Amino acid sequence: MKNLVIAGMVLVLGPMLYFSAAHAQDTKTMRIGLATAATHIQNTGSEAFKKFIEEKTNGAIKVEIYPGAQLGDNKAMLDSVKIGAVDGIFPSPADLGNIDKNFNIMNFPFLFSSQETANRVTDGQWGDKLLARLDNYGYKGLAIVDSGFRQTTNSKHAIKSLDDFKGLKIRMQPNPLHLDIFRALGANPAPLSFAELFSALQQGVMDGQENPLNNIYASKLHEVQKFVTLDGHIYDTNIFLVGKTFYEGLTPEQQQLFQEGADVIVQTMRQALKERDAAALEGMKAAGLEITEVSPEFHDALVQATRPVVEKYLPTVDAALYAELLEAATN
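Keep in mind that this is a model prediction, so the values were computed, not measured.

Rules of the game
Residues numbered from 1 in each chain as written. Predicted model: local features only at pLDDT ≥ 70, side-chain atom pairs only at ≥ 80, totals over all residues. Heavy atoms only, no water. Helix = DSSP H or I, 4+ residues; strand = E, 2+ residues; numbered from the N terminus. Buried < 20%, exposed > 50% of the residue type's maximum accessible area, 1.4 Å probe, protein only. Contact = heavy atoms within 4.5 Å. Areas by Shrake-Rupley, 256 points an atom, 1.4 Å probe, with all protein chains shown as cover. Pairing = 2+ DSSP bridges. Salt bridge = Lys/Arg side-chain N within 4 Å of Asp/Glu carboxyl O. Phe/Tyr/Trp six-rings, centres within 6.5 Å; stacked < 30°, edge-to-face > 60°. Polar contact = N/O pair within 3.5 Å; in protein donor to acceptor, adjacent residues only side chain to side chain.

Caption draft 1: Broad picture of the overall build of the chain. The secondary structure content of the chain amounts to 13 helices and nine strands. The principal-axis extents of the C-alpha atoms in the chain amount to approximately 95 × 45 × 30 Å. Looking at the 331 residues of the chain, the share that counts as buried comes to 50%. For the chain, the proportion of contacts with a sequence separation of at least 24, taken over those separated by at least 6, is 75%. On the chain, roughly 15,600 Å² of surface is accessible, and the fraction owed to carbon and sulfur atoms is 54%.

Dropping the structure here:
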């Protein structure tokens, strides 16, 4: 009797156990690592991607999101993606410029007159051509996403001309091209980690900094600054990419869904960026900061002042690729 009961349990549970094991084998987990906080628009885009992929694959692909550099900074995660420890990340063009210098083109000053122009270029053939370069390095580039125009703030005075940059100690990312831009404008830029920025501004170690408006406001940097100059010297972007091995392990149908999911990220982040930049600007006005709009004459002066920086770095990139970007931006 005991043997009959055991045999019956095997007959009943066997197929269930087999189905569970087979389902576990069929389920793939994708890990997205973010160097930014959970409040950043990259997380907003990633959540939209997660919802899209999990619904469209009926749960065959699970997406896990790790914000706040839990899986390392972008530099570390670029290595992790290649070995499959992380599957999807959002490195900056500066991060990727260490791998392929042509990504540094995106850091050239005053490339785009508006977000719409930037989107037209990155969504088009030029953006596809740049993303395709990642195939050579073990990555699959899925989309170029928006972070917004970088604007300048300081605690000393309004910046209404090139002369107003002189002597200002401006915190910068540890990026040679970014530093050269502000040297060309006449400021005294210095690299400093973002984690130390608030206290450096509060204590007067730095007079100012530059970031997209939503980053400035979310990080409360406006609380230790008095003046905002809407110079838009760089249009900030990031690249959503996955490991090439991971991507090639997907079925053709899943690969198509990943491209569609990347488009969901792009549109979600763009809408969030517009809303948060507008809210940040209103919040800073309400907090009493003086906002300076850049006149056409001042803009032309900024472009001319930073032209030598472009000429310095142009020999390090594909000149034809840069020319194609300029053509796409003006047509």
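Additional details are given in the paragraphs that follow.
Caption draft 2: Structural detail: the pairing of strand β4 (residues 139-154). For β4, the tally of buried residues reaches 15 of 16 residues, placing the bulk of the element in the interior. Of the strand pairs in this sheet, β4 and strand β7 (residues 208-212) are connected by five bridges, and their pairing is antiparallel. Opposite Gln151, over in β7, you have Asn211 as the bridge partner.

Caption draft 3: Representation of the pattern of salt bridges within the structure. As enumerated under the stated definition, the model contains 14 salt bridges in all. Its salt-bridge partner being Asp146, residue Arg270 comes within 2.8 Å of it at the nearest N-O pair. In this pair, Arg270 sits in helix α11 (residues 252-286) while Asp146 sits in strand β4, placing the two residues 124 residues apart along the sequence. Note on accessibility: Arg270 and Asp146 belong to one class, buried. Two residues, Arg150 and Glu210, come together in a salt bridge whose shortest N-O distance is 2.7 Å.

Caption draft 4: Quick look at the side chain of Asn104. As for its position among the elements, Asn104 is in the loop between α4 (93-97) and α5 (115-123). For Asn104, a relative accessible area of 17% translates into the label buried. Once you skip the residues sitting within four places of it in the chain, Asn104 turns out to touch Pro93, Ala94, Gly97 and Leu177.

Caption draft 5: Spotlight on the packing of aromatic side chains. Inspection of every chain in the model, using the stated rule, returns eight aromatic pairs. With centroids separated by 6.0 Å and ring planes inclined at 80°, the aromatic side chains of Phe165 and Phe182 adopt a geometry described as edge-to-face. Separated by 17 residues along the polypeptide, Phe165 in the loop between β4 and β5 (169-172) and Phe182 in helix α7 (residues 176-184) bring together distant segments of the chain. Residue Phe165 shares its accessibility class with Phe182, and that shared class is buried. Seen from their ring centres, Phe246 and Phe258 are 5.9 Å apart, and the 55° between their planes marks the pair as tilted. Here Phe246 is found in helix α10 (residues 244-248), whereas its partner Phe258 is found in helix α11, with 12 residues between them in sequence. Each member of the pair, Phe246 as well as Phe258, carries the same accessibility label: buried. Through a chain of ring-to-ring contacts, the aromatic side chains of Phe49, Phe90, Phe240, Phe246 and Phe258 assemble into a single cluster.

Caption draft 6: Structural view of the side chain of Asn107. Counting through the fold element by element, Asn107 comes out in the loop between α4 and α5. Within the structure, the side chain of Asn107 is placed 3.1 Å from the side chain of His178, a separation counted as a polar contact. Setting aside chain neighbours within four positions, we find Asn107 in contact with Pro93, Ala94, Asn175, Leu177, His178, Ile181 and Ile234.

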